[in-house]
Amino acid sequence: MYRQQIPWQVNYDESQVPPFSLPEVLRTVDGVPIDSVAQWEANRPALLELFRKEMYGRRLPLPDSTQYKLLSEKKDALDGTAIMQQIEMTFSMDNGKSHKAIMLLFIPAAARKPVPVFTGLTFNGNHVVCNDPDILVTGSVGAEFRDFDRTYGSQARRFPLKRIMERSFAVAVCSYHDFFPDDYRGWEKSILPLFLSTEELRPRGKDISAIAVWAWGLSRMLDCLETNPLIDAEKGAVFGHSRLGKTALWAGAEDTRFKLVCVNDSGCGGAAPSRRLFGETLFSMCAKENGFGNYWFTHTVKDICAVPEKLSVDQHQLIALIAPRAVAVHSATLDRWADPRGEYLSFWHAAPVYKLYGKKTVLNATPPPPETPVGTDMSYFLRQGRHDMLLSDWECYMDAFDAAVK
Ligand code: GCU
């Protein structure tokens, strides 16, 4: 079989994709057909548990206590359009262990009532989202393991903050390194020592993953946002790009408080089907013990990565776990590594569950042309261009919010 013979080879030729079939979405984990919302919901915990077991690892508990400290508040940030807050979250255990993360929050200055919020993680730290020197450099634990960008605003193109303020949304970010430094050696510096002994951390990634920890962090950010009187946290969206898109999808499945899940260029292990051999595969991502991506998932993924058919689940079922809440899947035309067509395919195969709930779904089995957003409760957008998250993505995410959540 192609996959075993040349597992490292990356296929970019549609005609060379070996035939594959996806598990049926309207089936229980025992294979019984599902034809009602009640049946779907009765089966949902078992399906979620399969994803924990096979892909992302166990659900982590809450800390014994959490303290929030407002470190700074600036009322005229972003040229007077935003209130900017920095909040230190301390997660504490009764045994004296604790771990900190700093959240950066922008709230539209013009808001006259609590506003909905988009919650996400940043690569590097909070300082990359805009060049305000009052922003603290966060996530620098990541510098112990990999290149760390200290440049203010270096990813500002991914955070069109003024436009987001103009559309009356708040944005909350944290560095992903603050929860799990993005490296295969990151375990001890992650939040995991709060809950696991050093010995338990040893069979690394056995039933836990960096993605599960990052998703845990997104939920803790939402806990904090729920205490903020300027925020309507009941209307929360979660967003993420690339490996953080994989994370947003998992966070949205685990935490039903997120009412819109924005998944950007998430690729393999995100919205793209594991069984489709195009662009990145679970094998290229996870086979190397000390490699890139390996620790993002459980060891099960590493063990079966050459034969993804051994997984009992595939990623369309993960999208379906978001239902009936809104989901927005985005791809980019030139991002073939993330398999745009595959991302659409999973999206399309999740639709029967949204239909069960009476939600509007996308009617076409083939992806829409570039720059043509489709759908509301389930929306899809294929941006023209490279692996990135840009203003047009944000406009679509905010449109999806307005159409499906507001
Ligand atoms: C690599 C990796 C992808 C990941 C991406 C990112 O390209 O192979 O799986 O999504 O990095 O997070 O930037």
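For every chain, the first residue of its written sequence is number 1, and the numbers climb from 1 along that sequence. In keeping with the model being predicted, local features are shown solely for residues with a pLDDT of at least 70 and side-chain atom pairs are shown and tallied solely at 80 or more, while totals for entire chains, interfaces and linings include all residues. By convention in this description, side-chain values take in all heavy atoms of the structure and omit both hydrogens and water.

## Focus: the overall build of the chain
- Helix and strand definitions follow DSSP, with helices as H or I runs of at least four residues and strands as E runs of at least two, each counted in order from the N terminus. In terms of regular secondary structure, the chain is built from twelve helices and nine strands.
- Here the C-alpha radius of gyration of the chain, 20 Å, is about what a compact globule of 406 residues would show, namely 22 Å.
- The C-alpha extent of the chain, read off along each of the three principal axes, is 60 × 50 × 40 Å.
- Exposed residues in this analysis have more than 50% of their type's maximum accessible area, buried residues have under 20%, and partly exposed residues fall in between, with area computed by a 1.4 Å probe over protein chains only. Looking at the chain residue by residue over its 406 residues, the buried ones come to 59%.
- Partitioning the contacts of the chain with sequence separation of at least 6, the portion at a separation of at least 24 is 70%.
- Counting every atom, the chain has about 15800 Å² of accessible surface; 52% of that belongs to carbon and sulfur.
- The chain carries 46 positive and 49 negative side-chain charges, and their two centres are separated by 0 Å. The atom set for the radius of gyration is the C-alpha atoms, and the globule formula is 2.2 Å times the number of residues raised to the power 0.38. Contacts are residue-level and defined by heavy atoms, with any inter-residue pair within 4.5 Å sufficient. Each accessible area is a Shrake-Rupley result for a 1.4 Å probe, and residues are judged covered by the shown protein chains and nothing else. Positive charges come from Lys and Arg, negative ones from Asp and Glu, while His and the chain ends are left out of the count. A charged residue contributes its charge at one atom only: NZ of Lys, CZ of Arg, CG of Asp or CD of Glu.

## What to know about empty space enclosed by the protein
- Whether a set of points on the 1 Å grid over the protein atoms alone is a cavity depends on a 1.4 Å probe fitting there but being unable to get out, while an open set qualifies as a pocket with protein on both sides within 12 Å along at least five of seven lines; lining residues are those with an atom within 4 Å of a point. Grid points are joined across faces, edges and corners, and a volume is the space filled by probe spheres set on the points. Inspection of every chain in the model, using the stated rule, returns two cavities of 30 Å³ or more.
- Estimated volume of the largest cavity: approximately 100 Å³.
- The set of elements that each furnish at least two residues to the lining of the largest cavity consists of β4 (115-122) and β6 (231-241).
- By residue number, the principal contributor to the lining of the largest cavity is β6, which donates three residues.

## Observations regarding the side chain of D178
- Its place among the elements puts D178 in the loop between β5 (170-175) and α5 (198-201).
- R150 is the oppositely charged side chain nearest to the buried, salt-bridge-free D178, at an N-O distance of 11 Å.
- Excluding anything up to four places from it in sequence, D178 contacts H99, K100, A101, I102, T138, G139 and I191. The term salt bridge refers to a side-chain nitrogen of Lys or Arg lying within 4 Å of a carboxyl oxygen of Asp or Glu.

## Topic: helix α2 (residues 37-56)
- In this analysis the local bend is the angle between axes fitted, respectively, to the seven residues ending at and the seven residues starting at the residue. The sharpest bend along α2 measures roughly 40° and falls at R44, with the proline P45 sitting one to four residues further on.
- In this structure, the buried residues of α2 make contact with α6 (210-226), α7 (243-254), α9 (299-304), α10 (315-320) and α11 (340-356).
- A positive phi of about 95° marks G57, the residue just after α2.

## Topic: the environment of E289
- Structurally, E289 is set in the loop between α8 (282-286) and α9.
- With residues up to four places along the chain from it excluded, the contact list for E289 reads Y184, N294, H299 and K302.

## Looking at helix α12 (residues 391-404)
- Residue count minus one, scaled by 1.5 Å, sets the expected span of a helix. The end-to-end C-alpha separation of α12 is 20 Å, in line with the 20 Å expected for 14 residues at 1.5 Å each.
- Of the residues making up α12, those classed as buried are D393, W394, E395, C396, Y397, M398, A400 and F401.
- On its buried side, α12 packs onto β4, α4 (161-166), β6, β7 (258-264), β8 (326-332) and β9 (378-383).

## Thoughts on the site of the ligand
- Surveying the vicinity of the ligand reveals the residues F123, S242, R243, K246, E280, M285, F292, W296, W337 and H387.
- In the model, an oxygen atom of the ligand is placed 2.7 Å from a nitrogen or oxygen of the S242 side chain.
- Pairs of N or O atoms within 3.5 Å make up the polar contacts considered here, provided that, within protein, one atom can donate a hydrogen while the other can accept it, and that residues adjacent in sequence are counted only when both atoms are side-chain atoms. Between an oxygen atom of the ligand and a side-chain N or O atom of K246, the distance comes to 2.8 Å.
- A total of 320 Å² of accessible area belongs to the ligand in isolation, and the protein chains cover 84% of it.
- Under the convention adopted here, Pro, Cys and the residues Ala, Val, Leu, Ile, Met, Phe, Trp and Tyr are nonpolar, Asp, Glu, Lys and Arg are charged, and Gly plus all remaining residues are polar. Here the shell around the ligand is built from residues that sort into five nonpolar, two polar and three charged. The rule for a residue being near a molecule or strand is that one of its heavy atoms must lie within 4 Å of it.

All quantities given are derived from atomic positions and should not be read as evidence of function.
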